[in-house]
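Tertiary structure, described
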Amino acid sequence: MITKILELVRAIFVSKVDSDKRSIGRRKLTIETLESRELLSASPLGQVLSDLDELYSPVVCAPAISIPANASASSNAGQVSQAPPAPLSETFTLHSNPNSNFTIYLDFDGHVTSGTPWNEGFRDFVTPAFTMDADPNFSEAELEMIQYIWQRVSEDFMPFDVDVTTEAPPDNYLTKETPTGDSDGHWGVRVAIGGSSYDWLGDSAGGVALLGSFSWDTDTPCFAFNQYDEKAIAEAVSHEVGHTLGLSHDGDSTRGYEYYAQEGEATGWAPIMGAGYYSDVVQWSKGEYTGNTNTEDDLAIITGEITNESTGMFGGNGFTYRQDDHGNSIQSATELPTSENSFIVTGIVERNTDVDYFVIDITSNSVIDLKITSGSRDANLDILAKIYDSSGNVIETFNDQLTLHAEFLNLSLVAGVYYLSIEGTGREYISETMIGYTDYGSIGSYKIEATITREAEPLDSPTLEVTGVTTTTVSLDWSVVDGATGYLLQWSTNSSVWDVQTQVQFNSNETEYTVEGLESGTLYYFRVRAVSENAFSNWVMVQATTEREVIVDDDYEDNDSFDIVDAAVLDSEADHTPNLGVIEAERTINDLKLVDGNDYFKFEITSNGSADSYVRIAFDNSVGDIDFQLFDGNRNFVRSSSTTANSETISLNELNAGVYYVRIFSYRGAENPNYTLTIVPPTTSANEPPPANTTIENNNSFETAFDFGAITALTAIDGLELKAGEIADYYKFTFTATGDANSYARIDFTNANGDLAVQLFDSSRMSVKS
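Position numbers for residues start from 1 in each chain and track the written sequence from start to end. Residue-level local features of this predicted model are given only where pLDDT is at least 70; pairs of side-chain atoms are given and counted only at 80 or more, and the full residue set underlies all totals for whole chains, interfaces and linings. Computation of side-chain values: all heavy atoms of the structure, hydrogens and water removed.

Here we come to the pattern of salt bridges. Salt bridges are defined as contacts in which a side-chain nitrogen from Lys or Arg sits within 4 Å of a carboxyl oxygen from Asp or Glu. For the structure on display, the rule yields 13 salt bridges. The salt bridge partner of Arg190 is Asp107, with a shortest N-O separation of 2.7 Å. Here Arg190, found in strand E5 (residues 187–193), pairs with Asp107, found in strand E1 (residues 102–107); they are 83 residues apart in sequence, far enough to count as distant. Ionic pairing is found between Arg635 and Asp566, a salt bridge with its closest N-O pair at 2.8 Å. Going along the chain from the N terminus, every DSSP run of H or I of four or more residues is numbered as a helix, and every run of E of two or more is numbered as a strand.

Only residues whose relative accessible area exceeds 30% and that form no salt bridge are eligible for patches; like-charged ones are grouped when within 9 Å, while nonpolar side chains (Val, Leu, Ile, Met, Phe, Trp, Tyr) are grouped when within 5 Å. Using a 1.4 Å probe, accessible areas were evaluated by the Shrake-Rupley method; residue-level cover was limited to the displayed protein chains. A cluster of nonpolar side chains, namely Leu722, Ile747, Phe749, Leu756 and Val758, defines an oily patch on the protein surface of about 370 Å² accessible area. Along the chain, Val758 falls in the loop between strand E36 (731–734) and strand E37 (760–761).

A separate point is the sheet that holds strand E28 (residues 598–605). Sheet architecture is open: five strands sit in the order E26-E28-E33-E30-E31, paired in mixed fashion. Each having just a single partner strand, strand E26 (579–582) and strand E31 (637–641) make up the two edges of the open sheet. Recorded for the sheet is a direction-independent mean angle of 20 degrees between the axes of neighbouring strands. Two strands are counted as paired when DSSP detects at least two bridges linking them. Relative to E28, E26 runs parallel, the two sharing two bridges. By the bridge assignment, Asn579 is partnered in E28 with Lys602. Simply put, an axis is a line fit to the C-alpha atoms, just over the touching stretch for a helix, and the angle between two N-to-C directions goes from 0 to 180 degrees.

Moving on: the pairing of E28. Here E28 lies mainly inside the structure; seven of its eight residues are buried. Both E28 and strand E33 (residues 658–666) contribute to a ladder of eight bridges, which runs antiparallel. Within E33, the residue paired with Ile605 across the bridge is Gly658. Buried residues are those whose accessible area, probed at 1.4 Å on protein chains only, stays under 20% of the maximum for their type, while exposed residues exceed 50% and partly exposed ones sit between those limits.

Ring pairs are drawn from Phe, Tyr and Trp, using the six-membered ring of Trp, whenever the two centres fall within 6.5 Å, and their geometry is named by plane angle: stacked under 30 degrees, edge-to-face over 60, tilted for the rest. All told, the structure shown has 32 aromatic pairs when counted by the stated rule. The interplanar angle of 15 degrees and the centroid separation of 6.4 Å between the aromatic rings of Trp269 and Tyr437 together place this pair among those described as stacked. You can see Trp269 sitting in strand E8 (residues 268–271) and its partner Tyr437 sitting in the loop between strand E17 (416–424) and strand E18 (444–454), a full 168 residues away along the chain. Take Trp269 and Tyr437: they sit in the same class, and that class is buried. Every member of this aromatic cluster is reached through a ring pair, and the members are Phe102, Phe157, Phe160, Trp187, Phe214, Trp284, Phe319 and Tyr321.

Look at the link from Glu557 to Asp558: it is a cis peptide, with omega at -5 degrees. Considering the arrangement of structural elements, one finds Asp558 in the loop between strand E25 (540–545) and helix H7 (562–566). Phi at Asn410 takes a positive value of approximately 55 degrees, unusual for a residue other than glycine. Among the secondary structure elements, Asn410 is positioned in strand E16 (residues 406–413). Positive phi values are uncommon outside glycine, yet Glu654 reaches one of about 70 degrees. Looking at the secondary structure, you find Glu654 in the loop between strand E32 (647–651) and E33. In this structure Glu654 comes out as exposed when scored by relative accessible area, which is 58%.

Another point: the confidence of the model for the protein chain. Caution is warranted with low-pLDDT regions, since their predicted coordinates should not be read in detail. Note on scores: pLDDT gives the predictor's confidence for each residue, bounded by 0 and 100. Per-residue confidence for the protein chain gives a mean pLDDT of 81, with 83% of residues at or over 70. We call two residues contacting when some pair of their heavy atoms lies within 4.5 Å. With pLDDT under 50 throughout, residues 1–57 is counted as low confidence; its partners more than four residues away or in other chains account for 156 contacts. With pLDDT under 50 throughout, residues 570–575 is counted as low confidence; its partners more than four residues away or in other chains account for nine contacts.

The biggest cluster of nonpolar side chains holds 69 residues, and the ones touching the most others in it are Ile104, Leu106, Phe157, Trp284, Ile372, Leu420 and Ile448. Sorting elements by how many residues they give to this core places helix H3 (residues 140–156) first, with five residues. Setting aside residues up to four positions removed in sequence, Ile104 forms contacts with Phe157, Val162, Asp163, Val164, Thr165, Val189, Val191, Phe214 and Val241. With 24 residues, the next largest nonpolar core counts Ile589, Phe601, Phe603 and Phe619 among its residues. For the purposes of this section, nonpolar cores are sets of buried Ala, Val, Leu, Ile, Met, Phe, Trp, Tyr and Cys residues that join through side-chain atoms within 4.5 Å.

Moving on, we come to H3. Because an α-helix packs 3.6 residues into every turn, residues spaced three or four apart end up facing the same way. Helices are assigned an expected span. That span is 1.5 Å times one less than the residue count. The terminal C-alpha atoms of H3, which comprises 17 residues, lie 25 Å apart, in line with the 24 Å expected from a rise of 1.5 Å per residue. Most of H3 sits out of view: 14 of its 17 residues are buried.

Before going further, it helps to examine the environment of Glu557. Take Glu557: it is sitting in the loop between E25 and H7. Assessed through its relative accessible area of 6%, Glu557 is described here as buried. As for Glu557 and Asp599, which are separated by 42 residues in sequence, their C-alpha atoms are 8.1 Å apart.

Turning to the side chain of Thr303, a few remarks are in order. Looking at where Thr303 falls in the secondary structure, it is placed in the loop between helix H6 (298–302) and strand E10 (334–335). Those residues in contact with Thr303, other than ones at most four positions away along the chain, are Phe160, Phe319, Thr320 and Tyr321.

Before going further, it helps to examine the pairing of E33. Among the nine residues in E33, seven count as buried, and that is most of the element. With seven bridges joining them, strand E30 (residues 626–632) and E33 adopt antiparallel strand pairing. Paired with Gln629 across the bridge in E33 is Arg663.

Ordered by their spatial adjacency, three strands build an open sheet running E19-E20-E23, and the pairing between neighbours is antiparallel. A single partner strand is all that each edge strand has here, and the edge strands are strand E19 (464–469) and strand E23 (512–515). For this sheet the average axis-to-axis angle between neighbouring strands, irrespective of direction, equals 25 degrees. Two strands pair when backbone bridges link them, and E19 and strand E20 (residues 474–478) are joined in this way by five bridges, in the antiparallel orientation. What sits directly across from Val469, in E20, is Val474.

This brings us to the environment of Arg663. Locating Arg663 in the fold gives a position in strand E33. The sequence separation of Arg663 and Asn598 amounts to 65 residues, and the corresponding C-alpha distance is 6.6 Å. Between N or O atoms, a polar contact is any pair within 3.5 Å; within protein, one atom must be a potential hydrogen donor and the other a potential acceptor, and residues adjacent in sequence are included only when both atoms are from side chains. Separated by 2.6 Å, the side chains of Arg663 and Asn598 make a polar contact.

Each pair of packed helices can be summarised by the angle the axes make with each other and by the distance between the axes. At their nearest, the axes of H3 and helix H5 (residues 230–244) sit 9 Å apart, and the two run at 40 degrees to each other. On the basis of their axis angle, the class for H3 and H5 is oblique. Between H3 and H5 the crossing geometry is right-handed. The segment H3 lies against H5, with Met145, Tyr148, Ile149, Arg152, Val153 and Asp156 engaging Glu230, Lys231, Ile233, Ala234, Val237 and Ser238. We call two directions roughly parallel when the angle between them is under 35 degrees, roughly antiparallel when it is over 145, roughly perpendicular when it lies between 65 and 115, and oblique otherwise. Two helices that cross are described as forming a left-handed crossing if the nearer one is turned anticlockwise from the farther one by less than a right angle, and a right-handed crossing if clockwise.

As for its placement among the helices and strands, Asn653 is situated in the loop between E32 and E33. Along the primary structure Asn653 and Asn742 are separated by 89 residues, whereas in three dimensions their C-alpha atoms are 8.8 Å apart. If near-sequence neighbours (up to four positions away) are discounted, Asn653 is found in contact with Gly609, Ser610, Ala611, Ser613, Arg639 and Tyr744.

What follows is the structure, encoded as structure tokens:
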């Protein structure tokens, strides 16, 4: 059956590749030949395959898990005994990342597919609601299974800035307005889950999808069929969503399989874009296994870093990784709540280069049990955990090749500061059923569960107060604590991040200290604790802001308003006038200071602005952000620049010759008084175009391209024509400096007479931009 379907679909698509240039221009057609033992499906409706003459990029696969069409709900392979994550009443409001703008919507309650590439050339069709019995109402068992499927799929996409949800989003949250933009910034894909693959293909199958459809301008679903098995459905969903994100299949050349899988082995490994039905570790992959048929970088394609070379589909899905949730070094480690006798902390290893660090602050000799488990139900993360002493030396490591979790049981620690690191790892080859894998796809969520048994009560905490503040120092005083043999003092500009390099230790009779070398006008946090041989007190924290350094005006003051700049007589103390006069060559003024909120400068250009002319201010943004504006000679606003970079630039391109003003000001009161002003006037000459009698023709290929030679200034050529019957015109030019934001190649034409496009190639004739 599948072979006949493939032959029919192949015949349809081969004819369409030659005849329908419009479809090819929008999305690349892709067809995949398959073996009889394939495991997932991505084919359109079986009963109307003969009408498939307008589909864009289907992936056609073959049966997956062997479950008959009349299977009952008793099939429970791959399930885990665990309570659902939410009350059953909240089954259709689950979100994995609710703050994300990008959505993977798991649609279990039925869907009518209409007005999408699936429907071009034939009717709308209906996906029935997910069910495991004949009752149209959701039973408790079905609601539980929906939550479990959501948990498994969420774990596959946990590292990314995308929301896996069972709650129906607004329609515009699943569509992108144009290939290059979307006003609300939301798009995604619907996964219609339900129905039998026998109705589609007349055979057992996992799901169907259109390659790269995640960011299309229609609500184009992918589909996962009801296989009456929680893990099988979840694996099919993630696989098909992977296709919509631009991914191809991961196969096994050693066995001649289109899909890599370890059938029947609960301890096996498989790639998500293979078949993970029978494996307990299923991860994103780039083909780092024996017999790979595909080395595409799944993670880079999903996050838009590279293009899928096999399919030609650009990743460009709009989202990348989640923001890192815990510090990546001992210095930025997250503090665990070790004042409690037991606690739970969660986290995510978002990238395979991510290492999360935690502070274990033990106030007395203690015995600790730490259990670190990965994944809420279906783990992708294989955990490598380490414990360090206060000097950063590794004292314990857990990396069991037979488990994904890590644990440190009955760990005896003397009072002090320790650190815990968590990262993803791989597995060495153990057997044919437990093959090795790298740490590439070892990413996902984890949970730290800890219990602490203390041998001694902590010390009382000292009191702490600020006794003096200058522009660079803060003086502190703390009280004596009975039983303390000393004290520790730390300071930081972030109340959640403490660096041991700023820690100072004191004897029991030392209770005051002045911290020096601080930045002026800066908020600092200080904390102190009492220590003894076997115990610590809790930290006590205060804060103080250093005094602001008095900034002396620069030599161009007073230039705080238009009127002052235009005044006939300036402040007698001013050495220079902020009226800079005619700018005939590039001019830079250093050591300027923004003291009074605004600085104004006046200048004149005698030529109309060119693409390489601009006004720029440069400064240290980490100290405080500065923005600026450009006004014409009548003080009318013209342009502005307000980024978060270390400079702001306003182009003078296409502005008329004349007088202009610039206003420099702090963003929302940010305090960064020091900056540099640069004005680059328009160029006085441009490359001469070819003489009027020069004929540019027969330049219809790389070999016959018209050569303009070196381009050193603005060059514009009018009167060019793409003649009837010509496919393209080619032009060749050379530039001797690296391109910047003001450089470009542009064509101007009347769109009503016909649309044109432009492509840029490098010297090896490889496409660069279009």
